[in-house]
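Below are the chains, spelled out letter by letter.
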Amino acid sequence: MGKPGKEQMIEFYRQMLRIRRAEEKLMEVFSAGEILGFLHVSIGQEAAPVGVCAHLRDDDYIGTTHRGHGYAIAKGIDLKRAMAELFGRKDGYCMGRSGSMHLADLSKGIMGANGIVGGGIPIVTGAGFAAKYKGTDQVAVATFGDGATNQGTFHESLNLASVLNLPVIFLCENNGWAEFSPRPVHAKIENLADRAASYGMPGVIVPNDVVEIYEACGEAVERARRGGGPTLIEVKCDRWYGHYVGDAQKYRGKEKVDEAMAKDCIKEFEARLLKEKILKPADVEKMQADIAAELAEAVDFARRCPYPEPEDMAVGLYV
Amino acid sequence: MKDIRYIFAIKEAMEEEMERDERVFLIGEDVGLAGGSFGASRDLFKKFGPRRVVDTPISEAGLTSMAAGAASCGLRPIVEIMFMDFVTCAMDSIVNQIAKMRYMFGNQYTMPIVVRMPEGAGLNAGPQHSQCLEAWFAHVPGLKVVMAATPYDVKGLLKSAIRDDNPVVFIENKTLHAMKGRVPEGTDHLIPLGKADVKRQGSDVTVVAVSRLVNEALQAASDLEKDGVSVEVIDLMTVQPWDKEAVFNSVGKTHRLVIAHEAVKPFGIGAEIAATVAEELLDELDAPIMRVGAPFVPIHYSLEKAYVPGSRDVKNAVLATLQRA
Ligand SMILES: Cc1ncc(C[n+]2csc(CCOP(=O)(O)OP(=O)(O)O)c2C)c(N)n1
Ligand SMILES: [Mg+2]
């Protein structure tokens, strides 16, 4: 898997920007009380979803977490129906039953976000199992945080995928935090990719850079497709807005948060593209405007969708 | 008809369904090379190979969710949990994931998975190898729960469970594994889920039972016949959703109800049936509803015989409803 071309780099930038703006929009409507429950954004972590999804086809699988909007968007979810789901509306992907924490679009291989930390990892491993069973060259990508690597399901899944030689990519976004516990509180080792060694699979560490993530994932996806088994990839990133929207991060302190925000995977990539003349400032402006329009339309669609009726509550519980 | 053992009927059901449908596979600990800890998959590995009879590490949570992931991608897994007690390690998988994936993702999924497990005392295996936990699963929307009392039933119910597009917790019973009984020849023996079976007709008292207690209830019924008491025995077979109509019809006839299971009595499935009858059919009752279940303590290693309910307990409960105890 080679280096990305110019067109691809532009697309990386556009997708990262879409995720960023979409989540900013979500924060806005969440704060206005238009969406319910918890909202976990991945702002500052947009490189990983874009880097990995660039290698995936519609029939490849991805599983996400409570912080999973980025992957759903990068894998091709329709923003209108996704927004409607977060607004709890009937025409949302999950009939208004799931909200942010269980967003799914199986037709695009988006197997669903999971509210149980570590719960989705073995499920995605099962998608890899199914691909191998059917003899296809599909791959499955399990995404999760640093905190999830302490769950039994993480270890069981890596071991299962390794023993059964499944086409699975385990993609860990190590943002340094599990809720309000920094990494040293929850894991003794600094590099979670080291855990791959226990399961006889490659463990790869990459910085929060879309191109480097793209390249590392390319190798892993290609190996998985040709029957070479699973890989664990650890992306070193940071969490800007705390655990959930509304987290004041007093435990971290403003200085540290500012420091984190100073390292922006989108701004850095933008600077590079501008410097290398792959992008012009006018292109950026146009993209920003297009994305803003797309999001306004999505929010408008969501607002106009009806809520499900109480009679809809049990529809389809059993086949 | 032919006479076969319960455990062999399980094997036949899986074998036939695997032959019938390429998407069906068996996964679990020691199911392949070893043929299953209780022998349920003996020879299946030889016949179908490691692709379809999959030995896994000791990872109940991981393997059950992995099977769920495969089910959501079009396969039809049968998961074997070695002892029902070990399913506790897979509760996230079954309760949070399998039971909810279809519903919570807006019906995008079907979840055609069967999780098989043997429950119950009988081996003096103590508190962590003998439990009956069916009520837990019956309490979770999205799951079906099936329990079989005879070789005939276990085969027909398991085949239906495998063909069902909903997740089914399929509960076997260890003391029944060796039981011999008549099973139809051929591969189309199916028993519909959600329907109870009147195992014995009677007119004085209805006993609703599941799994091993069905056989105990039948024993009690034939003992009581000698005393001039006519007992109707209903085998629920599917616990969730349970066949209310069959139970109500019977209670409408006998006006007396006993519910019997091996699980501990408090908060068991007996409580649900009793409550439903009390809510909707109280006028029909001529006596208080009686429940038979194990005492509310962990299963005792050396006092196992005294611990598990049997035909005597059913008989006493029946007599109590007739105020003859
Ligand atoms: C089984 C389970 N335990 C605890 C929680 C509460 N919880 C939600 S997110 C989270 C932290 C997860 O940290 P990490 O895996 O690093 O993901 P991040 O939030 O950083 O993206 C916790 C403890 C949960 N949802 N599920
Ligand atoms: Mg984290």
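The shown structure was predicted, so the numbers you read here are calculated from the model rather than taken from an experiment.

## Re the overall build of chain B
Thinking step 1. Within chain B one finds 11 helices and 14 strands.
Thinking step 2. Computed over the C-alpha atoms, the radius of gyration of chain B is 19 Å, within 12% of the 20 Å expected from 2.2 N^0.38 for a compact globule of 325 residues.
Thinking step 3. Buried residues in chain B amount to 62% of all 325 residues.
Thinking step 4. For chain B, the proportion of contacts with a sequence separation of at least 24, taken over those separated by at least 6, is 82%.
Thinking step 5. In the form shown here, chain B has an accessible surface area of approximately 12100 Å², with 52% of it arising from carbon and sulfur atoms.
Thinking step 6. Looking at charge distribution, chain B has the averaged site of its 35 positive side-chain charges lying 3 Å from that of its 43 negative ones.

## Notes on the domain arrangement of chain B
All names here are of chain B.
Thinking step 1. Looking at the assigned domains, one finds that chain B contains domain 1 (2–183) and domain 2 (197–323).
Thinking step 2. Computed from C-alpha atoms alone, the centre-to-centre distance between domain 1 and domain 2 is 26 Å.
Thinking step 3. The interface of domain 1 with domain 2 comprises 29 residues on the first partner and 23 residues on the second.
Thinking step 4. Roughly 2000 Å² is buried in total at the junction of domain 1 and domain 2, and carbon and sulfur atoms are behind 59% of that figure.
Thinking step 5. The largest share of the area that domain 1 buries against domain 2 comes from Ala 121, Asn 124 and Met 147, three residues that together contribute 25% of it.
Thinking step 6. There are 1 salt bridge connecting domain 1 and domain 2.
Thinking step 7. Lys 199 is the partner of Asp 153 in a salt bridge, and the nearest nitrogen-oxygen pair spans 2.6 Å.
Thinking step 8. In this assembly, domain 1 and domain 2 are joined by 10 residue pairs in polar contact (both at pLDDT 80 or more).

## A word on the site of ligand 1
All names here are of chain A.
Thinking step 1. Neighbouring ligand 1 are 15 residues, the closest being His 66, Arg 67, Asp 146, Gly 147 and Asn 175.
Thinking step 2. The separation between a nitrogen atom of ligand 1 and a polar main-chain atom of Val 117 is 3.1 Å.
Thinking step 3. Here an oxygen atom of ligand 1 sits 2.9 Å away from a polar atom, N or O, in the side chain of Asn 175.
Thinking step 4. For ligand 1, the protein covers 74% of the area, taking 580 Å² as the surface of the free molecule.

## Side note on the pattern of salt bridges
All names here are of chain A.
Thinking step 1. Following the criterion strictly, the structure yields 49 salt bridges over all chains and no others.
Thinking step 2. Glu 297 is paired through a salt bridge with Lys 80; the nearest N and O atoms lie 3.3 Å apart. Of this pair, Glu 297 sits in helix α11 (residues 281–304) while Lys 80 sits in helix α4 (residues 79–86); the two residues are 217 residues apart in sequence, bridging distant segments of the chain.
Thinking step 3. Classification of Glu 297 by relative accessible area gives partly exposed; the value is 44%.

## Overview of the coordination of the magnesium ion (ligand 2)
Residues and elements named next belong to chain A.
Thinking step 1. With distances of 2.0 to 2.1 Å, the protein atoms coordinating the magnesium ion (ligand 2) are Asp 146 (OD), Asn 175 (OD1) and Trp 177 (O).
Thinking step 2. Site description for the magnesium ion (ligand 2): donor spacing in sequence, D-x28-N-x1-W. Of this pair, Asp 146 sits in the loop between β3 (140–145) and α6 (152–163) while Asn 175 sits in the loop between β4 (168–174) and β5 (177–178), and the two are 29 residues apart along the sequence.
Thinking step 3. Under the relative-accessibility criterion, Asn 175 is labelled buried at 6%.

## Focus on the sheet that holds strand β5 (residues 114–119) of chain B
Residues and elements named next belong to chain B.
Thinking step 1. Strand order in the open sheet formed by 7 strands is β3-β2-β4-β5-β7-β6-β12, and the pairing between neighbours is mixed. Whereas interior strands pair on both sides, the edge strands pair on one side only; in this sheet they are β3 (53–55) and β12 (238–240). Strand-to-strand, the axes of this sheet are offset by a mean angle of 25 degrees, without reference to chain direction.
Thinking step 2. The pairing of strand β2 (residues 24–28) with β3 spans 3 bridges and is parallel. When the bridges of β3 are listed, Leu 26 appears paired with Val 53.

## Regarding the packing of aromatic side chains
Thinking step 1. For the coordinates displayed, the defined rule picks out 13 aromatic pairs over all chains.
Thinking step 2. Residues Trp 240 of chain A and Tyr 241 of chain A carry aromatic rings whose centres are separated by 6.5 Å and whose planes lie at 55 degrees to one another, so their mutual orientation is tilted.
Thinking step 3. A relative accessible area of 7% places Trp 240 of chain A in the buried class.
Thinking step 4. Note on Tyr 241 of chain A: relative accessible area 30%, which makes it partly exposed.
Thinking step 5. Arranged with centres 5.2 Å apart and planes meeting at 45 degrees, the rings of Phe 83 of chain B and Phe 86 of chain B form a pair that is tilted.
Thinking step 6. Three or more aromatic residues joined by ring pairs make a cluster, and in this case those are Phe 38, Trp 177, Phe 180, Tyr 244 and Tyr 251 of chain A.
Thinking step 7. The lysine or arginine in question, Arg 89 of chain A, covers the ring of Tyr 307 of chain A, its NZ or CZ lying 4.0 Å from the ring centre.
Thinking step 8. Taking NZ or CZ as reference, Arg 97 of chain A lies 3.8 Å from the ring centre of Tyr 103 of chain B, over its face.

## As for the sheet that holds strand β8 (residues 231–236) of chain A
All names here are of chain A.
Thinking step 1. The sheet built from 6 strands is open, its strands ordered β2-β1-β3-β4-β8-β7 with parallel pairing. Each having just a single partner strand, β2 (110–114) and β7 (203–207) make up the two edges of the open sheet. For this sheet, the mean inter-axis angle between neighbouring strands, taken without regard to orientation, is 20 degrees.
Thinking step 2. Relative to β2, strand β1 (residues 61–65) runs parallel, the two sharing 4 bridges.

## A short note on the nonpolar core
Thinking step 1. Within the largest apolar cluster, 155 residues are counted, with the highest numbers of intra-cluster contacts made by Phe 129 and Phe 170 of chain A.
Thinking step 2. The element contributing the most residues to this core is helix α1 (residues 6–31) of chain A, with 11 residues.
Thinking step 3. Looking at which domains feed residues into this core, each of domain 1 (2–183) and domain 2 (197–323) of chain B gives three or more.
Thinking step 4. By size, the runner-up hydrophobic cluster in this structure holds 31 residues, among which are Met 14, Val 24, Ala 148 and Val 168 of chain B.

Quick notes on the rules
- Per chain, residues are indexed from 1 in the order of the written sequence.
- Whichever chain is written first becomes A and whichever ligand is written first becomes 1, with later ones labelled in order.
- Residue-level local features of this predicted model are given only where pLDDT is at least 70; pairs of side-chain atoms are given and counted only at 80 or more, and the full residue set underlies all totals for whole chains, interfaces and linings.
- Side-chain numbers come from the whole structure's heavy atoms, not from hydrogens or water.
- Numbering goes from the N terminus for both helices and strands, where a helix is a DSSP run of H or I of at least four residues and a strand is a run of E of at least two.
- Radius of gyration here uses only the C-alpha atoms, and the compact-globule reference equals 2.2 Å multiplied by the residue count raised to the power 0.38.
- Whether a residue is buried, partly exposed or exposed follows from its accessible area with a 1.4 Å probe, protein chains only, as a fraction of its type maximum: under 20%, in between, or over 50%, in that order.
- Only heavy atoms enter the contact rule, under which two residues are in contact if any of them lie within 4.5 Å.
- Surface accessibility follows the Shrake-Rupley procedure with a 1.4 Å probe radius. Residue values consider only the protein chains on display as shielding.
- The charged-residue count follows a simple rule in which Lys and Arg add positive charge and Asp and Glu add negative charge, with His and chain termini not counted at all.
- Where a charge lies is defined by one atom per residue type: Lys uses NZ, Arg uses CZ, Asp uses CG and Glu uses CD.
- Where each domain begins and ends is defined by an automated method or by a domain database.
- The term buried area means the drop in 1.4 Å probe accessible area that two parts suffer when joined, counted for both and summed.
- Between Lys or Arg on one side and Asp or Glu on the other, a salt bridge is scored when a side-chain nitrogen of the former is within 4 Å of a carboxyl oxygen of the latter.
- Two N or O atoms form a polar contact when they lie within 3.5 Å of each other; inside protein one atom must be a possible hydrogen donor and the other a possible acceptor, and for residues adjacent in sequence the pair counts only when both atoms belong to side chains.
- Nearness is judged by heavy atoms alone; a residue qualifies as near a molecule or strand once a single heavy atom is within 4 Å of it.
- Atoms of type N, O and S within 2.8 Å of a metal are treated as its donors, and for Na, K and Ca the window is 3.2 Å; water is not considered, so some sites may appear to be missing partners.
- In this analysis, strands are considered paired if DSSP registers two or more bridges between them.
- Simply put, an axis is a line fit to the C-alpha atoms, just over the touching stretch for a helix, and the angle between two N-to-C directions goes from 0 to 180 degrees.
- Aromatic rings from Phe, Tyr and Trp, taking only the six-membered ring of Trp, are treated as a pair when their centres fall within 6.5 Å; an angle between ring planes under 30 degrees marks them as stacked, one over 60 as edge-to-face, and anything in between as tilted.
- A ring is scored as having a charge over it whenever the NZ atom of a lysine or the CZ atom of an arginine sits within 6 Å of its centre and within 35 degrees of its normal.
- For the purposes of this section, nonpolar cores are sets of buried Ala, Val, Leu, Ile, Met, Phe, Trp, Tyr and Cys residues that join through side-chain atoms within 4.5 Å.

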